Amino acid sequence: MPLTSVSFRSTSDPAEARTWFGELVAAEPVRMSVIASVTDGLVADPARYANPRWWAGSDGSGRVVAAFMRTPPFPLHVAVATEPQAVALAEHLAAEGFTLPGVGGRRRPVEAFRDTWVRLTGGTARTMMQLGVFDLVVPPRVPFDVTGHYRHARQDELELVSTWAQDFADAVHETPRPAPRLDSHVAAGRVGFWVDGAEPVSMAYASASNGGVTRVSGVWTPPALRGRGYASGLVAALSRERMEAGERCMLFTDLSNPTSNKIYEAIGYRRIGDDLEVELG
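Fair warning: this is a prediction, and the values are worked out from it, not measured in the lab.

So, how was this worked out
- Residues numbered from 1 in each chain as written.
- Predicted model: local features only at pLDDT ≥ 70, side-chain atom pairs only at ≥ 80, totals over all residues.
- Heavy atoms only, no water.
- Helix = DSSP H or I, 4+ residues; strand = E, 2+ residues; numbered from the N terminus.
- Expected span 1.5 Å × (residues − 1).
- Contact = heavy atoms within 4.5 Å.
- 1 Å grid on protein atoms, 1.4 Å probe; cavity = no way out; pocket = protein on both sides within 12 Å on 5 of 7 lines; lining within 4 Å.
- Points joined across faces, edges and corners; volume = space filled by probe spheres on them.
- Nonpolar A, V, L, I, M, F, W, Y, C, P; charged D, E, K, R; others polar.
- Axes fitted to C-alpha atoms, helices over the stretch in contact; angles between N-to-C directions.
- Parallel < 35°, antiparallel > 145°, perpendicular 65-115°, else oblique.
- Left-handed = near helix turned anticlockwise from the far one by under 90°.
- Salt bridge = Lys/Arg side-chain N within 4 Å of Asp/Glu carboxyl O.
- Buried < 20%, exposed > 50% of the residue type's maximum accessible area, 1.4 Å probe, protein only.
- Pairing = 2+ DSSP bridges.

### A word on helix H8 (residues 230-244)
And then number 1: Here H8 contains 15 residues, and its C-alpha end-to-end distance of 21 Å stays within 8% of the 21 Å for a straight helix at 1.5 Å per residue.
And then number 2: Among the residues trailing H8, Gly-246 stands out with phi positive, at a value near 90°.

### Details of the side chain of Arg-242
And then number 1: Tracing the sequence through the fold places Arg-242 in helix H8.
And then number 2: Arg-242 has contacts with Gly-189, Arg-190, Ala-206, Thr-214, Glu-247 and Cys-249, leaving out every residue within four places of it along the chain.

### Quick notes on the layout of surface pockets
And then number 1: Counted as a void, the second largest pocket has a volume near 280 Å³.
And then number 2: What lines the second largest pocket is a set of 19 residues, and nearest its centre among them are Met-128, Thr-175, Arg-177, Glu-277 and Glu-279.
And then number 3: The set of elements that each furnish at least two residues to the lining of the second largest pocket consists of strand S5 (102-106), strand S6 (125-136), helix H6 (158-172) and strand S12 (269-280).
And then number 4: Element by element, the count of residues in the lining of the second largest pocket is highest for S12, at 3 residues.
And then number 5: A per-class count over the lining of the second largest pocket returns 10 nonpolar, 4 polar and 5 charged.

### Points about the packing of helix H4 (residues 83-95) against helix H5 (residues 107-121)
Two quantities define a packed helix pair, namely the angle between the helix axes and the distance between the axes.
And then number 1: Two elements in contact, H4 and H5, have axes whose closest approach is 8 Å; the angle formed by their N-to-C orientations is 30°. Of the possible angle classes, the one that applies to H4 and H5 is roughly parallel. Crossing geometry of H4 relative to H5 is assigned as right-handed. For the pair formed by H4 and H5, the contact residues are Glu-83, Ala-86, Val-87, Leu-89, Ala-90, Glu-91, Leu-93 and Ala-94 on the first element and Arg-108, Pro-109, Ala-112, Phe-113, Thr-116, Trp-117, Arg-119, Leu-120 and Thr-121 on the second.

### Structural notes on the pattern of salt bridges
And then number 1: Under the definition given, this model contains 18 salt bridges.
And then number 2: Between Arg-181 and Asp-45 there is a salt bridge, and its shortest N-O distance comes to 2.0 Å. Taken together, the positions of Arg-181 in the loop between H6 and helix H7 (183-187) and Asp-45 in the loop between helix H3 (33-44) and strand S2 (53-58) put the pair 136 residues apart, joining distant regions of the chain.
And then number 3: Residue classification places Asp-45 among the partly exposed residues on the basis of a relative accessible area of 22%.
And then number 4: Between Glu-83 and Arg-108 there is a salt bridge, with its nearest N and O atoms 3.3 Å apart.

### Some remarks on the sheet that holds strand S9 (residues 199-206)
And then number 1: Here 12 strands make up an open sheet; going across it, the order is S1-S2-S3-S4-S5-S12-S6-S11-S10-S9-S8-S7 and the pairing mixed. The open sheet has two free edges, formed respectively by strand S1 (7-11) and strand S7 (149-152), since each of these has just one partner strand. Neighbour-to-neighbour, the strand axes of this sheet turn through a mean angle of 25°, independent of strand direction.
And then number 2: Pairing of S9 with strand S10 (residues 213-220), which is carried by 3 bridges, proceeds in the antiparallel orientation. Note on S10: the bridge partner recorded for Met-203 is Trp-220.
And then number 3: Strands in contact with H4 are S1, S2, strand S3 (64-70) and strand S4 (76-80); relative to S3, the strand with the most contacts, it is inclined by about 50°.
And then number 4: Those strands touched by helix H9 (residues 258-267) are S6, S10, strand S11 (248-254) and S12, and its axis lies near 160° from that of S11.

These figures come from the coordinates and say nothing about function on their own.
Here you go:
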């Protein structure tokens, strides 16, 4: 069988998808982080997204070698795939008359999917965001003093957590998107605040660990409180806490925002890859 040959199966059952992708999560925990955490979330709360779907690409032996996911209204997510496998899925979905608002994930496979999709459908494509993929393999540090301290968000602060999560989503996406619900993250002690005085001034959260990897997300400081190092102190403290719990930290950052990139690199994060998000029309 040619190396590029792949067959696809799809499911709308998160428990089935979790079974399909178990070996890939173990082998590629950073790349599978989004699919793994979202799938786990849907197993726990099936109403979280309407009409989710997963595609598994298998080689000639039946081994799952590629993973894709769509949770409307979000674009198709390319987690693990070669460029030929991404092309094959684009051909498969176009032949089925599938509609997509966009595609995101690993840069090279996303570019291959995009080009094939546009060619087959006659549609358009526009780059929405270029993302850096970072991980942390050293103890985090903040190279300057930051006033305040780190603590977990409390159950009685869920309204503030939800508001700031939506503020973050609105700030980073051109197209409005609902922020994830973080009730379970708060209950598990995975939402962190930086507090200066008596009030929270910055927030971030860590996904549940999959394959030993947690994803630090939703780093938000209200605009009037920026420039004081709060996000640096928060991300370093949250990352240290997760590392001490035996988890490997990763995060995505908008490459058009040099400030956030410098913050994470100063803490100790290193850039290990690039992602791309494309709008399809």
